[in-house]
Amino acid sequence: MPGFLIGLACGAGELFLLTQVIKAVSAGQSLKTLVLVFGKILLFAAALVPVALFFRRDLVWCGVGISSVLVVGAVVINVLMRRNGKGDR
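Residues numbered from 1 in each chain as written. Predicted model: local features only at pLDDT ≥ 70, side-chain atom pairs only at ≥ 80, totals over all residues. Heavy atoms only, no water.

Colleague: Can you help me understand helix H1 (residues 2–27) in this one?
Modeller: Along its 26 residues, H1 runs 38 Å from first to last C-alpha, staying within 8% of the 38 Å computed at 1.5 Å per residue. Listed in full, the buried residues belonging to H1 are Gly-3, Gly-7, Cys-10, Gly-11, Glu-14, Leu-15, Leu-17, Val-21 and Ala-24. Where the residues of H1 are buried, they touch helix H2 (30–54) and helix H3 (59–83). (Helix = DSSP H or I, 4+ residues; strand = E, 2+ residues; numbered from the N terminus. Expected span 1.5 Å × (residues − 1). Buried < 20%, exposed > 50% of the residue type's maximum accessible area, 1.4 Å probe, protein only. Contact = heavy atoms within 4.5 Å.)

Next comes the structure, spelled out in structure tokens:
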């Protein structure tokens, strides 16, 4: 269970950083994009390494938490952007 909760928190951070990366790429800010991508990698490692060391049995659940927040969050953001007229149709 602790691995799943860590995965949920990491997934939320990854989703936030993903939206920032998309904005930076769209604006053509290559240095900011590079910094954000390295931040995503560090956040991913910061979540998986402690789970692998201390909660080895929860490692799969950590991955489930990360991926579920990313998928569900991306769908929610896409639906909200479409309703506001800012997304692709």
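Colleague: Before we go on, may I ask you to explain the environment of Cys-62 in this structure?
Modeller: The topology assignment puts Cys-62 in helix H3. If sequence neighbours within four positions are ignored, Cys-62 has contacts with Gly-3, Phe-4, Gly-7, Ala-47, Leu-48 and Val-51.

Colleague: Teacher, can you tell me more about the nonpolar core here?
Modeller: The nonpolar side chains of a soluble globular protein tend to be buried with one another. By size, the foremost hydrophobic cluster in this structure holds 5 residues: Cys-10, Ala-47, Val-51, Cys-62 and Ile-66. Filtering out sequence-adjacent residues up to four positions away, Ile-66 remains in contact with Gly-7, Leu-8, Cys-10, Gly-11, Phe-44 and Leu-48. (Core = buried A, V, L, I, M, F, W, Y, C linked by side-chain atoms within 4.5 Å.)

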